[in-house]
Amino acid sequence: MLLIPCPNCGSRDETEFHYGGQAHVAYPENPTELNDREWAEFLFYRDNTKGAFAERWLHSTGCRQWFNMLRDTVTYDIQAVYAMGTPRPATTGPAASEPGTASTAADSTTTGNAAPSTSSSSTTAPEGATK
Amino acid sequence: MSNQQLPEHPDFLWRNPEPKSSYDAVIVGGGGHGLATAYFLAKNHGMTNIAVLEKGWLAGGNMARNTTIIRSNYLWDESAAIYEHALKLWEILPEELEYDFLFSQRGVMNLAHTLGDVRESIRRVGANKLNGVDAEWLDPKQVKELCPILNINDNIRYPVMGATYQPRAGIAKHDHVAWAFARKCDELGVDIIQNCEVTGFVKDGNRVVGVKTNQGTINTEKVGLCAAGHSSVLAEMAGFRLPIQSHPLQALVSELHEPVHPTVVMSNHVHVYVSQAHKGELVMGAGVDSYNGYGQRGSFHVIEHQMAAAVELFPIFARAHVLRTWGGIVDTTLDASPIVGTTPVENMFVNCGWGTGGFKGTPAAGLTFAHTIATGTPHKLNKPFALERFETGALIDEHGAAAVAH
Ligand SMILES: Cc1cc2nc3c(=O)[nH]c(=O)nc-3n(C[C@H](O)[C@H](O)[C@H](O)COP(=O)(O)OP(=O)(O)OC[C@H]3O[C@@H](n4cnc5c(N)ncnc54)[C@H](O)[C@@H]3O)c2cc1C
Ligand SMILES: [Zn+2]
């Protein structure tokens, strides 16, 4: 059982949360210009990182807010929690930060779209989908 | 049914050779699929100058961690074809491999607990029959006759409303299956190299020409990936992506009991599946942990959940003890169907995405993947499972359809 530090509620059992998969996958900027290959990337391809992985969680039986979390997929150590819409923090340090000590202060008021970059003019693969 | 003795352990299984500097083909992953592929490459295609590279010990991955359920009662034509072909191979393999790995066709029941389940089940029985797969619909009384320890009363949260039944389905001893393939591979000249981790690939342009390992670089004409939960990691080394997410999947056994459970019972709705191993342990599995994981362990609440379901369905299990729990890493796809075929890298082929249910597919995966590696073209049974389906949209959605995907 993971003990997950919700940025709003503090540490709670994993059973209170819902997993949302890879974070930072933005809806394509120009959907009408995508070809089948690019749609496949957006719909079906996600990173499957062995190691530090940025993912989304929903505190479904608590504050009902989405947030991002950086977790090691081998040790399951939680390295950071941070708000939707903010970029993935750089982590070098050891695991398991408490709420509030994550490198980006959690702010529960952000909504679902998690594209940190606005400079991209790319109409092709969504962010995070081209590794 | 009586408690059966395990097969006697053969004196000799395989050599442990040093890797040669070059092979005609290299298979990455010494689980069931890698071994079966190597066996059929040697036997059907005369490719004997080949190696199976395994980073740990043979069958130390999902192959010897699964709950060994073998069945072919899938909904869609493409799945029924490949899984039924596998089942037919299971029926002849003990003789062909000269190894009795206790393939026991004790039948598999998939329980229905809701009206939706009932409709899906009856539809699947019809589809199975049209595809030549043995299938029956059982009412609760018939369920009870086949498996007397099942609780069919309606005083539980999700009463048993019936079940599909495949009489030819069953279980086998998974580690012995691996050893049976490995021994035949070795006899045919295949090098099985354990403790040999692939760490990268050598490419000439877009063509793979070698593999880098912790035991040095090995040149090869062709590479077949059979790395299950680690498929994405290998694909990334080779420079392409796979639509795979790796999840922990757990199972457990009880201490040994008198034979009480004559068949295999699976319930998608309350999510548990149970059989009794030949020695007498109750073997139970559940669903995947929700998060991506490579840790070969999952969370305890998943086990608690599956035990609750098991005790409600089988009240006599209430006093049984959990002896051992473990986890594997399963390679899931969004349509719950495997990926077998060519890759964006020339001469590199991939067999993965079997997820929570690839043990049953082992012989057909091996047979058809060997064909694809040897000829560079799809086999008619694996053609629908190529990577391209995620672009064309021709998905083979066995999620809702085949109930529990084990
Ligand atoms: C708990 C559990 C229960 C299951 N129950 C069932 C069931 O009842 N019925 C069913 O049909 N299926 C079941 N499955 C699924 C089934 O076990 C798998 O689909 C199947 O075993 C996958 O094929 P494999 O045997 O080749 O995989 P594995 O045995 O996992 O083989 C892959 C191998 O690749 C090796 N490898 C990885 N990376 C490298 C590298 N870089 N270099 C070299 N080697 C590498 C690994 O060490 C591993 O040995 C279950 C799985 C689990 C975990
Ligand atoms: Zn919360």
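Our structure is the block above this text.
Quick notes on the rules
Note that residues are indexed from 1 along each chain, following the sequence as it is written. Both sets of labels track the order of writing: A upward for chains, 1 upward for ligands. It should be noted that, the model being predicted, local features are given only for residues of pLDDT at least 70 and side-chain atom pairs only at 80 or more, the latter also being counted only at that level, while totals for whole chains, interfaces and linings use all residues. Only hydrogens and water are set aside when side-chain values are computed; all heavy atoms of the structure are taken into account. Angles run from 0 to 180 degrees between N-to-C directions of axes, and those axes are lines fitted to C-alpha atoms, restricted for helices to the stretch in contact. What counts as a helix is a DSSP run of H or I of at least four residues, what counts as a strand is a run of E of at least two, and both are numbered from the N terminus. Just so you know how the angles are binned, under 35 degrees is roughly parallel, over 145 roughly antiparallel, 65 to 115 roughly perpendicular, and the rest oblique. Crossing handedness follows the turn of the near helix against the far one: under a right angle anticlockwise gives a left-handed crossing, and clockwise gives a right-handed one. Note on definitions: a residue-residue contact is assigned when non-hydrogen atoms from the two residues lie within 4.5 Å. Asp, Glu, Lys and Arg are counted as charged, while Ala, Val, Leu, Ile, Met, Phe, Trp, Tyr, Cys and Pro are counted as nonpolar; the rest, among them Gly, fall into the polar class. Consider each residue's heavy atoms; a residue with any of them within 4 Å of a molecule or strand counts as near. Nitrogen and oxygen atoms within 3.5 Å of one another constitute a polar contact, given that in protein one can donate a hydrogen and the other can accept it, and given that sequence-neighbouring residues count only through two side-chain atoms. The Shrake-Rupley method, run with a 1.4 Å probe sphere, supplies the accessible areas, and residue values consider only the shown protein chains as cover. Domain start and end points were adopted from an automatic or database domain assignment. Think of it in three bands: residues with accessible area under 20% of the maximum for their type are buried, residues over 50% are exposed, and the middle band is partly exposed, with areas taken using a 1.4 Å probe on protein chains only.

(A) Expanded view of the packing of helix α1 (residues 32-45) of chain B against helix α8 (residues 362-375) of chain B. Residues and elements named next belong to chain B. Viewed as axis vectors pointing N to C, α1 and α8 meet at an angle of 55°, and their least axial separation amounts to 7 Å. As the angle between them shows, α1 and α8 are arranged oblique. As for the relative orientation of α1 and α8, their crossing is right-handed in sense. For the pair α1 and α8, the contacting residues are Gly32, His33, Ala36, Thr37, Phe40, Leu41, Asn44 and His45 in the first and Thr362, Pro363, Ala365, Gly366, Leu367, Phe369, Ala370, His371, Ile373 and Ala374 in the second. The residue inventory of the contact of α1 with α8, partitioned by class, reads 10 nonpolar, eight polar and no charged.

(B) The site of ligand 1, seen in detail. Residues and elements named next belong to chain B. As a structural note, the neighbourhood of ligand 1 is formed by 38 residues, with Glu54, Asn62, Met63, Thr67 and Lys360 the closest of them. With respect to ligand 1, the backbone of His33 contributes an N or O atom lying 3.0 Å from an oxygen atom. Measuring from a nitrogen atom of ligand 1, one finds a backbone N or O atom of Thr356 at 3.1 Å. Computed on the free molecule, ligand 1 has an accessible area of 1,000 Å², of which 97% lies beneath the protein chains in the complex. Ranked by the residues each element gives to the shell around ligand 1, the list is headed by strand β12 (residues 245-256), at three residues. A per-class count over the shell around ligand 1 returns 15 nonpolar, 18 polar and five charged. Looking at which domains feed residues into the shell around ligand 1, each of domain 1 (20-64 + 173-242 + 333-400) and domain 2 (104-167 + 243-330) supplies at least three.

(C) Quick look at the side chain of His113(B). Residues and elements named next belong to chain B. With respect to the helices and strands, the residue His113 is situated in the loop between β4 (108-112) and α3 (115-130). Given the relative accessible area of 3%, His113 is considered buried. Of the polar contacts made by the side chain of His113, one reaches the backbone oxygen of Pro159; its length is 3.4 Å. Here Ser267 takes part through its side chain, which lies 2.8 Å from a polar atom of the side chain of His113. The contacts of His113, once residues within four sequence positions are left out, are Tyr158, Pro159, Val160, Met161, Ser267, His269, Val270 and Leu313.

Shape descriptors only; they carry no functional weight alone.
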